[in-house]
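# Chain and residue survey
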Amino acid sequence: MKIINVASARPNFMKVAPLLEEYKNHQEVEAQLLHTGQHYDYEMSKIFFDELGIPKPDFHLGVGSGSHAEQTAKVMTEFEKVLEKEQPDWVVVVGDVNPTMACTIVANKMGIKVAHVEAGLRSYDRDMPEEINRVLTDSIADLLLTPSIDGNMNLIKEGIPEEKIRFVGNIMIDTLFNMRKRSDESTILGDLGISEKGYVLVTLHRPSNVDQKKTLSNFVDILEETSKELPLVWPVHPRSKSNAEKFGLWDELQAIDNLHLLEPVGYLDNVNLMNNARLVLTDSGGIQEETTALGVPCLTARENTERPITITEGTNTLVGTDPEVILDHITKHLQNGVAGDKDLPKPLYWDGNTAKRIVKVILEVN
């Protein structure tokens, strides 16, 4: 059985890595890796491949960045060539980025079966490009592999036949658990001169938060105010840095004494920073899940989340984007001394064995 696994954005690598490892236990599977080349910053991708032990991709589309339409069109055109040549039995796509949707459409039209890892997540916010990608991908994929039970419920509500849906658990937690011990060897806290539970970790990159001057300026004010209480660490996404410079906010950020502005960090450093943070302020879907698995308090600066299980069964709080509300939540967390609970029960199947379940299901339904 030939399976082409599609990866593009950094979180995709974390989802693909345990699958590639699990395929090695099945001689009947010929697994290939296709990297669409979505990220324009090569180092953001390369270090993840190195740390996660992901082999060199069999195919690299090199589509780069561009508008949603440009990127989607490039992926579809190049991916079609790969499928025509390779004729795989399955295409496995992960997450909710543009290439996920694009590759699903191409494979579906060519009669090649598609499995979607992380299916069924919904924010019910059609202003989010990722939501469009999720809905379209799930509507035509052949096998929908959900990370949590609410994903099953969302798909059934949309009229997806139940026989297409399998609850397998959260693939990102496989990688997190696999790499947890190695992340303890990271020296990043010492390098920055900060202590365990003595800082706030910040990650902000979504267009809704960083593409408008007023919104990004509000976050600068939030960070400046918070820095009076505790050091902050922000590995800055290229999109956020570019916009901060364009809006004249970068110098203001650099002037905040207690704020560590970093280049994008590798996976091991990132896990170490998350695991030892007093609090995490983010707009990332993956970090909502990882902080829940690690038992670290997380404030999500968005108006909605496609991962509500991180709120109902995790450590996440949805705080919106109003600066006063966000600051109020930060203040309460810091004043109350809430430092998380590593022993909290985790959502069902967030156990590090999701890759085994996924491969088992694909082999059964083939």
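Use the structure listed above.
Residues numbered from 1 in each chain as written. Predicted model: local features only at pLDDT ≥ 70, side-chain atom pairs only at ≥ 80, totals over all residues. Heavy atoms only, no water.

### Some points on the side chain of glutamate 118
By secondary structure assignment, the location of glutamate 118 is in the loop between strand S5 (113-117) and helix H5 (129-140). Reaching out from glutamate 118, the side chain makes a polar contact with the side chain of arginine 307 at a distance of 3.5 Å. Residues contacting glutamate 118, with those up to four places away along its chain left out, are Lys15, Gly95, Leu145, Pro147, Met172, Glu289 and Arg307. (Helix = DSSP H or I, 4+ residues; strand = E, 2+ residues; numbered from the N terminus. Polar contact = N/O pair within 3.5 Å; in protein donor to acceptor, adjacent residues only side chain to side chain. Contact = heavy atoms within 4.5 Å.)

### Description of the packing of aromatic side chains
The relation between two aromatic rings is expressed through the spacing of the ring centres and the mutual angle of the planes. One pass over the structure, following the stated rule, counts 2 aromatic pairs. A centroid spacing of 4.9 Å and a plane angle of 25° characterise the contact between phenylalanine 167 and tyrosine 349, whose relative ring orientation is stacked. Within this pair, whereas phenylalanine 167 is found in strand S7 (residues 165-167), its partner tyrosine 349 is found in the loop between helix H16 (323-336) and helix H17 (354-365), the two being separated by 182 residues in sequence. Accessibility expressed as a relative area gives 32% for tyrosine 349, which makes it partly exposed. Above the plane of the ring of tyrosine 349 lies arginine 357, whose end atom (NZ or CZ) is 3.9 Å from the centre. (Phe/Tyr/Trp six-rings, centres within 6.5 Å; stacked < 30°, edge-to-face > 60°. Buried < 20%, exposed > 50% of the residue type's maximum accessible area, 1.4 Å probe, protein only. Lys NZ or Arg CZ within 6 Å of the ring centre and 35° of its normal.)

### Some remarks on the pairing of strand S2 (residues 30-35)
Summarising the sheet, strand S1 (residues 2-7) and S2 pair through 6 bridges and their orientation is parallel. Directly across from lysine 2, in S2, lies its bridge partner glutamate 30. In this fold, S1 hands off to helix H1 (residues 10-23), which returns the chain to S2; that crossover is right-handed. As paired elements, S2 and strand S3 (residues 59-60) share 2 bridges and run parallel to each other. Counted as the bridge partner of histidine 35 is histidine 60 from S3. (Pairing = 2+ DSSP bridges. Right-handed = clockwise from strand over helix to strand, strands pointing away.)

### Digging into the pattern of salt bridges
Taken as a whole, this structure holds 21 salt bridges when the rule is applied. Of the charged contacts, one joins lysine 15 and glutamate 118 as a salt bridge, the two residues approaching to 2.9 Å between their closest N and O atoms. Of the two residues, lysine 15 is situated in helix H1 and glutamate 118 in the loop between S5 and H5; the sequence distance between them amounts to 103 residues. Accessibility classification places lysine 15 together with glutamate 118 in one group, the buried group. Linked through salt bridges whose partners overlap, the residues forming this network are Lys15, Asp96, Glu118, Glu131, Arg134, Glu289, Arg302, Glu306 and Arg307. (Salt bridge = Lys/Arg side-chain N within 4 Å of Asp/Glu carboxyl O.)

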